[in-house]
Amino acid sequence: MISTPVLVLRKTPYSETSVIAATLSPEYGRLDFLIRGAKQISKKKFPQVDLFREIEVQFNHRNTGLNTIHTAELLHSFDSISNYPMNYLRACEVGIFILRNSHGMNPSPEVYSAMKTALSAMGKEKTDVPWGELIKLVYLDEHGFLPEDMERGIADTEMNQNRKNALVNLVNAVINGSTLPDYPQKTWLKFSDWIDKLCRYHELE
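Counting restarts for each chain, with residues numbered from 1 along the sequence as it is written. Residue-level local features of this predicted model are given only where pLDDT is at least 70; pairs of side-chain atoms are given and counted only at 80 or more, and the full residue set underlies all totals for whole chains, interfaces and linings. Each side-chain value is derived from all of the structure's non-hydrogen atoms; neither hydrogens nor water enter the calculation.

Visitor: Is there a simple way to explain the overall build of the protein in this structure?
Guide: When its secondary structure is counted, the protein shows six helices and five strands. Numbering of helices and strands runs from the N terminus, with a helix taken as a DSSP run of H or I at least four residues long and a strand as a DSSP run of E at least two residues long. Order of helices (α) and strands (β) in the protein, N terminus to C terminus: β-β-β-β-β-α-α-α-α-α-α. Per-residue burial for the protein yields a buried fraction of 46% across its 205 residues. The criterion used for residue contact is that any of the two residues' heavy atoms lie within 4.5 Å. The long-range fraction of contacts in the protein, counting pairs at least 24 apart against all pairs at least 6 apart in sequence, stands at 62%. Surface summary for the protein: the accessible area is close to 11,200 Å², and the carbon and sulfur share equals 47%. When a residue's accessible area, from a 1.4 Å probe over protein chains only, is under 20% of the maximum for its type it is buried; when over 50% it is exposed; and in between it is partly exposed. Surface accessibility follows the Shrake-Rupley procedure with a 1.4 Å probe radius. Residue values consider only the protein chains on display as shielding.

Here you go:
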């Protein structure tokens, strides 16, 4: 029996009463679960398994097909993000990015922590901070996709001084939930454009 926390990033109807929950685990990467009876209104049918919630699950891993949850316990709810429609849509978009580019039994502790940081921040207020691109930055870093020569990677005067350290500090801030740099919107836009170009180069959807 495996026990791990997961973030629910997508729910897909499977039948009249069941759903498939696509999740991310820090230890096991992407994990997909078939939750039978999830649409039934009952406290015994895992009602805590909902979008943008962190839950502790116990399950027996299957090499093929969908896993089945034996127990589920709510650890944290990021439901407040639904109060900010644009933030909610951004979270959905980056959730799709994570799921498309993650694989089962491939640990993703940094992306997991970054997503928690982003969901927490986006559930508090409207923001111009490009959280989706920040999570993609963490993904690129965790999987070794960032260019070694940062001086050639970013054409941004705001980061001319020690750009590599600036990116390292930015990655750590997103992972650890610490204060982000107070960049002007122009810098965030250039940063977002650079991240999107890197993702396209590495054929990340």
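Visitor: Before we go on, may I ask you to explain the confidence of the model for the protein in this structure?
Guide: Parts of the model with low pLDDT should not have their predicted coordinates read in detail. Per-residue pLDDT for the protein has a mean of 88; in total, 88% of the residues score no lower than 70. The secondary-structure element of the protein with the lowest mean pLDDT is helix H4 (residues 150-153), recorded at 47, while helix H2 (residues 109-122) shows the highest, at 98. A score from 0 to 100, pLDDT tells how confident the predictor is in each residue.

Visitor: Sorry if this is basic, but what is going on with the environment of Lys124 here?
Guide: Secondary-structure assignment places Lys124 in the loop between H2 and helix H3 (131-142). Expressed as a C-alpha distance, the spacing of Lys124 and Phe78, which sit 46 residues apart in the sequence, is 9.7 Å.

Visitor: How do you make sense of the nonpolar core when you look at a structure like this?
Guide: Side chains of nonpolar character tend, in soluble globular proteins, to be buried together. The term nonpolar core refers to a set of buried residues drawn from Ala, Val, Leu, Ile, Met, Phe, Trp, Tyr and Cys, joined through side-chain atoms within 4.5 Å. Core analysis: the biggest nonpolar cluster contains 44 residues, and Met115, Leu134 and Leu137 have the highest contact counts within it. Put simply, the parts of the chain that give this core at least two residues each are strand E1 (2-13), strand E2 (19-25), helix H1 (85-100), H2, H3, helix H5 (163-176) and helix H6 (185-201). Not counting residues within four places of it along the chain, the set of residues in contact with Met115 comprises Leu7, Leu9, Phe52, Ala91, Val94, Gly95, Ile98 and Ile135. Of all hydrophobic cores here, the second largest spans 15 residues; its members include Ile2, Tyr28, Leu31 and Phe59.

Visitor: Honestly, the pairing of strand E3 (residues 29-35) in this entry has me stumped. Any pointers?
Guide: Side chains on a regular strand alternate between the two faces of the sheet. Extensive coverage of E3 is indicated by the burial of six of its seven residues. The antiparallel pairing of E2 with E3 creates a hairpin that spans three residues between the two strands. Sheet analysis places E3 next to strand E5 (residues 67-77), joined by two bridges and oriented parallel. Bridging from a neighbouring strand, Leu34 pairs with Thr68 of E5. When DSSP finds two or more bridges between two strands, those strands count as paired.

Visitor: In this structure, what is going on with the side chain of Asn101? I would like to understand it.
Guide: For Asn101, the position within the fold is in the loop between H1 and H2. Those residues in contact with Asn101 that lie beyond four places of it in its chain are Tyr139, Leu204 and Glu205.

Visitor: For this particular structure, what's the right way to read H1?
Guide: Side chains of residues three or four places apart in an α-helix project in the same direction, reflecting 3.6 residues per turn. With 16 residues, H1 should reach 22 Å at 1.5 Å per residue; the first-to-last C-alpha distance of 23 Å fits that figure. Among the residues of H1, those classed as buried are Asn87, Ala91, Val94, Gly95, Phe97, Ile98 and Leu99. At its buried positions, H1 is contacted by E1, E2, E3, H2, H3 and H6. Multiply 1.5 Å by the residue count of a helix minus one, and that product is the helix's expected span.

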